Amino acid sequence: MLVEVFASVEVSLHETSGGDREPRTIYRGCLQLRQPLFTYFRELDVSMRRKIYELVRRTDKKSRARTIYNGIIIFAVFVSVIPLAFKEDYLLFEVADKIAALFFLTDYIFRFITADFKYAEYRNGGKKRNPFLRFPFSPMAIIDLLSILPSIVPLNSADKSLRMITRLMRALRVFRIFKVARYSKNIELLVRVLKRSKDALLAVVALALAYILISALVIYNVEPETFSTFFDAIYWATVSLTTMGYGDIYPVTNIGRTVTMVSAMFGIAVVALPAGIITAEYMNELLEEKRQ
């Protein structure tokens, strides 16, 4: 296509006489060439980005290159979290972290420049929202960014004021594990289940928060000597909800123990609700996949 464009412009220039071949005439020829060139490079850009999209994202087409690419990213994820199991910083760990961060940054860029293919409904004026503005705020994009920041943000751990921030940035590397979620069909299935049962799960969360608040208020007023602060009561109600009971804070009076028994029974019911909801939606999702 590009050769044909140049040939047509060359013919139009040769057709003019020698005296008329002024800068204005050449300028007009360049104007004729501009739009076809833009069209060519736009089509070339779409073609290249389509190949990148098929490389970094799961599609119906099977690709050996995508399998290798995914394997490299998964390997980089697990290698980059190994240093979290050590307190000492070794040179090998630092080099491995920088290399892994380079892979993660490249992957983030690839996914950003192909955002319009992922959000296909936002292309060609389908909706006013720009897909390139939507992508950075998607959950997986935020996880990707959090997994890159610890390696590209320089902090001096020797400074006491920055020591806590340094530890926090180091802990953010844990988010790299969540990157593996996009390469597992089972995890994607679980995410779809959670989205479908979102309303029911939110109702359970609201019920659990109400349970914690009411239990904390009751026990805080029943045993003010045992629970010196309201936060202690909140902590006790939370561990009672999960029926764990660490034993560091517990009521000592008969009324307090009675409240604890009633709270524990309600806690069992509240904890059991999400399991039933998720299991039911999971079975429905499996049935739909079998039908397809």
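Now for a look at the structure at hand. On a predicted model such as this, the values are computed, not experimentally measured, just so you know.

**What about the overall build of the protein?**
Turning to step 1, where the next piece is worked out: Along the backbone of the protein there are 12 helices and 0 strands.
Turning to step 2, where the next piece is worked out: Secondary structure elements of the protein, listed N to C terminal, follow the sequence α-α-α-α-α-α-α-α-α-α-α-α.
Turning to step 3, where the next piece is worked out: Contacts in the protein between residues at least 24 apart in sequence constitute 65% of all its contacts with a sequence separation of at least 6.
Turning to step 4, where the next piece is worked out: Accessible area for the protein stands at about 19700 Å²; split by element, carbon and sulfur atoms hold 66% of it.

**A word on the nonpolar core**
Turning to step 1, where the next piece is worked out: Of all hydrophobic cores here, the largest spans 16 residues; its most connected members are Ile73, Val77, Phe104, Tyr108 and Phe135.
Turning to step 2, where the next piece is worked out: Counting residues per element, the ones that place at least two in this core are α2 (23-56), α3 (64-81), α4 (91-113) and α7 (139-152).
Turning to step 3, where the next piece is worked out: With 4 residues, the top contributor of residues to this core is α3.
Turning to step 4, where the next piece is worked out: Not counting chain neighbours up to four residues away, the residues in contact with Tyr108 comprise Phe135, Pro136, Ala141, Asp144, Leu145 and Ile148.
Turning to step 5, where the next piece is worked out: Among the nonpolar cores identified, the runner-up in size contains 12 residues, and Ala208, Trp236, Ala237 and Val259 belong to it.

**Points about the environment of Ile234**
Turning to step 1, where the next piece is worked out: Looking at where Ile234 falls in the secondary structure, it is placed in helix α11 (residues 230-241).
Turning to step 2, where the next piece is worked out: Its relative accessible area of 23% is what places Ile234 among the partly exposed residues.
Turning to step 3, where the next piece is worked out: C-alpha of Ile234 to C-alpha of Ile212: the two residues are 22 residues apart in sequence and 6.6 Å apart in space.
Turning to step 4, where the next piece is worked out: Here Ile234 is in contact with Ile212 and Ala216, once residues within four sequence places are set aside.

**Here we look at the layout of surface pockets**
Turning to step 1, where the next piece is worked out: Size it by volume and the largest pocket reaches roughly 930 Å³.
Turning to step 2, where the next piece is worked out: Forming the boundary of the largest pocket are 26 residues, of which Lys118, Met140, Arg182, Glu188 and Lys195 lie nearest the centre.
Turning to step 3, where the next piece is worked out: Elements with a minimum of two residues in the lining of the largest pocket: α2, α7 and α9 (185-196).
Turning to step 4, where the next piece is worked out: When residues in the lining of the largest pocket are grouped by element, the largest group, 5 residues, is from α9.
Turning to step 5, where the next piece is worked out: Looking at the lining of the largest pocket residue by residue, the classes come out as 14 nonpolar, 2 polar and 10 charged.

**Let's talk about the side chain of Asp107**
Turning to step 1, where the next piece is worked out: For Asp107, the position within the fold is in helix α4.
Turning to step 2, where the next piece is worked out: Those residues in contact with Asp107, other than ones at most four positions away along the chain, are Val56, Tyr69, Ile73, Lys179, Arg182 and Tyr183.

**Some words on the side chain of Ser138**
Turning to step 1, where the next piece is worked out: Inspection of the secondary structure assignment puts Ser138 in the loop between α6 (131-134) and α7.
Turning to step 2, where the next piece is worked out: At a separation of 2.7 Å, a polar atom in the side chain of Ser138 contacts the main-chain carbonyl oxygen of Phe135.

**Quick notes on the packing of helix α10 (residues 198-222) against helix α12 (residues 254-291)**
Turning to step 1, where the next piece is worked out: Packing of α10 against α12 leaves a shortest axis separation of 10 Å and a crossing angle of 170 degrees. Considering the angle they form, α10 stands roughly antiparallel to α12. The residues of α12 that touch α10, namely those facing Ala200, Leu201, Val204, Leu207, Ala208, Tyr211, Ser215, Val218, Ile219 and Val222, are Ile255, Gly256, Val259, Ser263, Ala264, Phe266, Gly267, Val270, Leu273, Pro274, Ile277 and Ile278.

**With respect to the environment of Val193**
Turning to step 1, where the next piece is worked out: Structurally, the position occupied by Val193 is in helix α9.
Turning to step 2, where the next piece is worked out: Through-space distance from the C-alpha of Val193 to that of Leu286 is 9.8 Å; in sequence the pair is 93 residues apart.
Turning to step 3, where the next piece is worked out: Look past the residues within four positions of Val193 in its chain and what remains in contact with it is Ile278, Glu281, Tyr282 and Glu285.

**Some words on the packing of aromatic side chains**
Working definition: an aromatic ring pair is given by the centre-to-centre distance plus the angle between the planes.
Turning to step 1, where the next piece is worked out: Counting across every chain of the model gives 7 aromatic pairs.
Turning to step 2, where the next piece is worked out: Ring plane angle 80 degrees and centroid distance 5.7 Å describe the contact between Tyr220 and Phe230, whose orientation is recorded as edge-to-face. Of this pair, Tyr220 sits in helix α10 while Phe230 sits in helix α11; the two residues are 10 residues apart in sequence, bridging distant segments of the chain.
Turning to step 3, where the next piece is worked out: Classification of Tyr220 by relative accessible area gives partly exposed; the value is 28%.

So, how was this worked out
Residues numbered from 1 in each chain as written. Predicted model: local features only at pLDDT ≥ 70, side-chain atom pairs only at ≥ 80, totals over all residues. Heavy atoms only, no water. Helix = DSSP H or I, 4+ residues; strand = E, 2+ residues; numbered from the N terminus. Contact = heavy atoms within 4.5 Å. Areas by Shrake-Rupley, 256 points an atom, 1.4 Å probe, with all protein chains shown as cover. Core = buried A, V, L, I, M, F, W, Y, C linked by side-chain atoms within 4.5 Å. Buried < 20%, exposed > 50% of the residue type's maximum accessible area, 1.4 Å probe, protein only. 1 Å grid on protein atoms, 1.4 Å probe; cavity = no way out; pocket = protein on both sides within 12 Å on 5 of 7 lines; lining within 4 Å. Points joined across faces, edges and corners; volume = space filled by probe spheres on them. Nonpolar A, V, L, I, M, F, W, Y, C, P; charged D, E, K, R; others polar. Polar contact = N/O pair within 3.5 Å; in protein donor to acceptor, adjacent residues only side chain to side chain. Axes fitted to C-alpha atoms, helices over the stretch in contact; angles between N-to-C directions. Parallel < 35°, antiparallel > 145°, perpendicular 65-115°, else oblique. Phe/Tyr/Trp six-rings, centres within 6.5 Å; stacked < 30°, edge-to-face > 60°.

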